Amino acid sequence: MSKPADATAALADEPALLGIEGPIATITLNRPAAFNAIDLSIARKLEQLSAEVEASDAVRVLVIEGEGRAFCAGGDLQTIGAAAAADNIAPVVGELLQHYHAFITTLRRMPKIVLASVHGSAAGAGLSLAFVADLCIAAEDARFTPAYARLGVSPDGGGTVGVVASVGTRRALQIYLAEDSFSAAQAHDWGLVAKVVPALELKAATRALAHRLAQNAPAALAATKALIHRAPVTPIDQQLDAERDAIIACMQTDEFHAAVKRFVGKSKPM
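What you see is a predicted model; the values in this text were computed from it and never measured.

Engineer: Honestly, the pattern of salt bridges in this entry has me stumped. Any pointers?
Structural biologist: It is possible for side chains bearing opposite charge to pair when their charged atoms get close. What the rule picks out here adds up to nine salt bridges. With a shortest N-O distance of 2.8 Å, Arg 109 and Glu 54 are connected by a salt bridge. On the criterion of sequence distance, the pair formed by Arg 109 in helix 4 (residues 89–109) and Glu 54 in helix 2 (residues 40–55) is long-range, its members being 55 residues apart. A residue is classified by how much of its surface remains accessible, and Arg 109, at 51% relative accessible area, is exposed. Using a relative accessible area of 24% as the deciding quantity, one classes Glu 54 as partly exposed. Measuring nitrogen to oxygen at the nearest pair gives 3.0 Å for the salt bridge that ties Asp 245 to Arg 244.

Engineer: How do you make sense of the sheet that holds strand 6 (residues 135–139) when you look at a structure like this?
Structural biologist: With respect to topology, six strands assemble into an open sheet ordered 1-2-3-4-6-9, the strand pairing being mixed. Either end of the sheet is taken by a strand with one partner, and the two such strands are strand 1 (16–21) and strand 9 (195–197). Within this sheet the neighbouring strands show an average axis-to-axis angle of 20°, counted without direction. Examined bridge by bridge, strand 1 and strand 2 (residues 24–29) share six bridges and lie antiparallel to one another.

Engineer: Explain unusual backbone geometry to me, please; I cannot follow it from the model alone.
Structural biologist: For residues that are not glycine, phi is negative in most cases, and the peptide bond is trans in most cases. In this structure, Phe 35 takes a positive phi of about 55° despite not being glycine. Here Phe 35 lies in the loop between strand 2 and helix 2. Classification of Phe 35 as partly exposed rests on a relative accessible area of 35%. With a phi angle near 60°, Asp 87 is a residue other than glycine that sits in the positive phi range. Classification of Asp 87 as exposed rests on a relative accessible area of 70%.

Engineer: Looking at this structure, I do not really get the environment of Ala 172. What am I missing?
Structural biologist: Its place among the elements puts Ala 172 in helix 8 (residues 169–178). Placed ten residues apart in sequence, Ala 172 and Gly 162 show a C-alpha to C-alpha distance of 9.6 Å. Ignoring anything within four residues of it in the chain, the contact list for Ala 172 reads Val 163, Val 164 and Val 167.

Parameters and conventions
- Residue numbering note: each chain is counted from 1, following its sequence as written.
- Given that this is a predicted model, residues contribute local features only at a pLDDT of at least 70 and side-chain atom pairs are listed and counted only at 80 or more, while totals for whole chains, interfaces and linings are drawn from all residues.
- Hydrogens and waters are ignored; side-chain quantities use all the structure's heavy atoms.
- A carboxyl oxygen of Asp or Glu within 4 Å of a side-chain nitrogen of Lys or Arg is what we treat as a salt bridge.
- Counting from the N terminus, the helices are DSSP H or I runs at least four residues long and the strands are E runs at least two residues long.
- Think of it in three bands: with a 1.4 Å probe and only protein chains considered, a residue is buried below 20% of the maximum accessible area for its type, exposed above 50%, and partly exposed in between.
- When DSSP finds at least two bridges between two strands, those strands are taken to pair.
- The axes used here are C-alpha line fits, helices contributing only the stretch in contact, and every angle between their N-to-C directions lies in the interval 0 to 180 degrees.
- Contacts were defined at the residue level, with two residues in contact if any of their heavy atoms lie within 4.5 Å.

Right, dumping it as structure tokens:
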């Protein structure tokens, strides 16, 4: 059945939207007129929607995309400019980042793979969002613009977390302090983007990758994400202990028992 016109209009006014199909959830940044810039309304909504996804046992993969011509243009400069003019940057930006950083924390913590699907511009906090996700797929027309240095500020939105983990300290310094912008192809060469596809194929390619990721057993997916993210800051003995505990836990699941039976069955002589 089609949705009533008033319900459709109400959804159109939401700064971010959530859709769930089977094991795949999609959060869509929905401020296309502002190139999906992050203001307080979208920050609050993203915090709410990510909490819903985290709480769902059915979801294995979360896709993040942008409506309109851009993925995300970064922080809303109208909001920030008005706060600067009124000399109340600290409370305004502090409240915005309280909600937005809660969203980012949830993305990193949730036992689901987060896949950023990027087209058009990903600037400032939009670049940070693309690369703080577990994986990123990008259209050939995607353009990544750090933007912070030109404004005389430092990164936010988890940018230093995702970029440093992907490319290391020196490349991260180059990206944030010496690059005006870079292409999807360059991001792929640096290891920030998993796959680059023609713009018209982005949605289909994103869906195909999301389905491939969702084929992983929930326990294995969650444990792998947690182990990989903690590896750079965990002493080797603690990391090995965590690997031991995680694999034993995974081996106690129904998915593992079924997989072993399949492998054993294939290896039996004819």
